[in-house]
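Descriptive structure summary
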Amino acid sequence: MPITPEQRAEIDRQRAVETPTRRATVAALEDILYEPVPVLDHGFVRVVDYMGDDSAVVQAARVSYGKGTRKVTEDAGLIKYLMRHRHSTPFEMCEIKFHVKLPIFVARQWIRHRTANVNEYSARYSILDREFYIPAPDQLGAQAVVNRQGRGDVLQGEEAARVLALLRADAEQCYAHYEEMLNLREDGTTLDEGRQGLARELARMNLPLNFYTQWYWKVDLHNLLHFLSLRADTHAQYEIRVYAEAMLDIVRRWVPAVFDAFSEYRMGGAHLSRSGLAVVKRLLAGEAVAQEGSGLSKREWRELMESLGRDA
Ligand SMILES: Cc1cc2nc3c(=O)[nH]c(=O)nc-3n(C[C@H](O)[C@H](O)[C@H](O)COP(=O)(O)OP(=O)(O)OC[C@H]3O[C@@H](n4cnc5c(N)ncnc54)[C@H](O)[C@@H]3O)c2cc1C
């Protein structure tokens, strides 16, 4: 379960409070404000605060004094123009703050995105919960043969059962040793009154990467979109991709016009190199073009043909 009954009550209390404001709010985002969106087996992502909306992007681009009198379609057109031409600073005017619960190995990928503000749960100060990620059976991919960074077919039968049993047993054992070093029983009471137990900052080193951590992560819209373009992409590892997909849906609620432009030009579009563009021009002219002599490596050729929906 991603959250405890006490945490649920705290979220409900927070959601019950309404504060009048002159600032821009977005009804579709208010609907899910503070609510955890479940991700993986124990994780979640939830919005705890935000600033700005689609209009904030437009206002910044026009350096206007108010909402202005432009039509929604004109605003959407301007947002598309800004996205298309990578005029990025107006998107930095919107900010969002997430609370994320995620496995440590996912956090290690996530933290590489340096253009955000982060504060992580302190396992020096607090005791980590007995919560570790076990992949769903359909995610137990074998090592991919072509892509050394990816997964292939899903493990089956005895092999899959053995992997799941090993993951679970190792995590359980490590957590039991973590508690023993902290001088704690499973129910959280002290094991031996005569001992202090090892410092939390040291005991935690025994926990595997599939244990969950949590953080607050605040980012502006421009850098969030950069994060999503990399992590909601099919090349990203499934376990971080599912967080990115949940956040994409949050972006859709929050700034629908920006989301449309982002889907059009970034997520749904493709970047062409100079040689790639030359290949496309030759194909359009009806020429038969092969990888040899195209100026593209085999991999680039494969990627281009994949983008164009053609056989490599
Ligand atoms: C599919 C995938 C596979 C990956 N594999 C690996 C891997 O095997 N090993 C590995 O180590 N990493 C790997 N990464 C991480 C990757 O190399 C980047 O570190 C990560 O995606 C963060 O990207 P970023 O630097 O653009 O993001 P951010 O840190 O958010 O930065 C955003 C942008 O700000 C600018 N910027 C930020 N900081 C600086 C700076 N100090 N100097 C100059 N410009 C800056 C850059 O323009 C940057 O693109 C992988 C990422 C992906 C998506």
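Described below are features of the structure shown in this document. As the structure is a computational prediction, the values presented were derived from the model and not from experiment.

1. Thoughts on the environment of Tyr-34
In this fold, Tyr-34 is placed in the loop between α2 (27-30) and β1 (37-39). Considering only alpha carbons, one finds Tyr-34 and Asp-49, 15 residues apart in sequence, at a separation of 8.0 Å.

2. Observations regarding the layout of surface pockets
Size it by volume and the second largest pocket reaches roughly 530 Å³. Forming the walls of the second largest pocket are 16 residues, and the residues nearest its centre are Val-17, Thr-19, Glu-30, Leu-33 and Tyr-34. Contributions of two or more residues to the lining of the second largest pocket are made by α1 (5-16) and β2 (43-51). Per-class residue counts for the lining of the second largest pocket are seven nonpolar, four polar and five charged.

3. Considerations on the packing of aromatic side chains
Going through the model one piece at a time under the given rule, you end up with 11 aromatic pairs. With a centroid separation of 6.4 Å and an interplanar angle of 35 degrees, the aromatic rings of Phe-98 and Trp-217 are classed as tilted. One end of the pair, Phe-98, is in strand β3 (residues 95-103); the other, Trp-217, is in strand β7 (residues 212-220), and 119 residues separate them in sequence. For Trp-217, a relative accessible area of 1% translates into the label buried. Here Trp-217 and Phe-227 contribute two aromatic rings whose centre-to-centre distance is 4.9 Å and whose plane-to-plane angle is 50 degrees, an arrangement assigned as tilted. Linking Trp-217 in strand β7 with Phe-227 in helix α8 (residues 221-231), this pair joins segments that are 10 residues apart in sequence. By relative accessible area, which is 0% here, Phe-227 ends up buried. The structure contains a cluster of three or more aromatic residues connected by ring pairs, namely Phe-98, Trp-110, Trp-215, Trp-217, Phe-227 and Tyr-243. The ring of Tyr-212 is capped by Lys-101, whose NZ or CZ atom sits 5.9 Å from the centre of that ring.

4. Notes on empty space enclosed by the protein
Applying the stated criterion across every chain yields a total of one cavity of 30 Å³ or more. One number sums up the size of the largest cavity: a volume of about 60 Å³. As for the largest cavity, its lining consists of Lys-101, Tyr-121, Leu-128, Asp-129, Glu-131, Tyr-212, Thr-213 and Gln-214. If you tally residues by element for the lining of the largest cavity, the top one is β7, at three residues. The residue makeup of the lining of the largest cavity, split by class, is three nonpolar, two polar and three charged.

5. A word on the sheet that holds β7
Spatially, the five strands line up as an open sheet ordered β1-β2-β3-β7-β4, and their pairing is antiparallel. Looking at the sheet topology across the chains shown, the edges are occupied by β1 and β4 (117-120). Each neighbouring strand pair of the sheet contributes to a mean axis angle of 25 degrees, computed without reference to strand direction. The pairing of β1 with β2 spans three bridges and is antiparallel. Bridging from a neighbouring strand, Pro-38 pairs with Phe-44 of β2. Helix-sheet contacts for α8 involve β3 and β7, and the interaxial angle to β7 is about 130 degrees. Against the sheet, helix α9 (residues 238-254) engages β1, β2, β3 and β7, with an angle of about 155 degrees to β3.

6. With respect to the packing of helix α4 (residues 72-84) against helix α10 (residues 256-267)
For the pair α4 and α10, interaxial distance at closest approach is 9 Å and the crossing angle is 40 degrees. Our classification of the angle between α4 and α10 gives oblique. When the axes of α4 and α10 are compared, the crossing they make is right-handed. Side by side, α4 and α10 meet where Ala-76, Ile-79, Lys-80, Met-83 and Arg-84 of the first sit next to Ala-257, Val-258, Ala-261, Phe-262, Tyr-265 and Arg-266 of the second.

7. A look at the nonpolar core
Judged by nonpolar contacts, the single largest core of 58 residues is most densely connected at Ile-96, Phe-98, Trp-110, Trp-217, Leu-221, Leu-224 and Trp-254. No other element matches the 10 residues that α9 contributes to this core. Apart from the residues lying within four places of it in its own chain, the contact partners of Leu-221 are Val-57, Phe-91, Cys-94, Trp-254, Val-255 and Val-258. The next biggest cluster of nonpolar side chains, apart from the first, holds 12 residues, and it includes Ile-134, Ala-171, Leu-182 and Ala-203.

Calculation rules
Residues numbered from 1 in each chain as written. Predicted model: local features only at pLDDT ≥ 70, side-chain atom pairs only at ≥ 80, totals over all residues. Heavy atoms only, no water. Helix = DSSP H or I, 4+ residues; strand = E, 2+ residues; numbered from the N terminus. 1 Å grid on protein atoms, 1.4 Å probe; cavity = no way out; pocket = protein on both sides within 12 Å on 5 of 7 lines; lining within 4 Å. Points joined across faces, edges and corners; volume = space filled by probe spheres on them. Nonpolar A, V, L, I, M, F, W, Y, C, P; charged D, E, K, R; others polar. Phe/Tyr/Trp six-rings, centres within 6.5 Å; stacked < 30°, edge-to-face > 60°. Buried < 20%, exposed > 50% of the residue type's maximum accessible area, 1.4 Å probe, protein only. Lys NZ or Arg CZ within 6 Å of the ring centre and 35° of its normal. Pairing = 2+ DSSP bridges. Axes fitted to C-alpha atoms, helices over the stretch in contact; angles between N-to-C directions. Contact = heavy atoms within 4.5 Å. Parallel < 35°, antiparallel > 145°, perpendicular 65-115°, else oblique. Left-handed = near helix turned anticlockwise from the far one by under 90°. Core = buried A, V, L, I, M, F, W, Y, C linked by side-chain atoms within 4.5 Å.

By themselves, these observations are geometric and do not establish any function.
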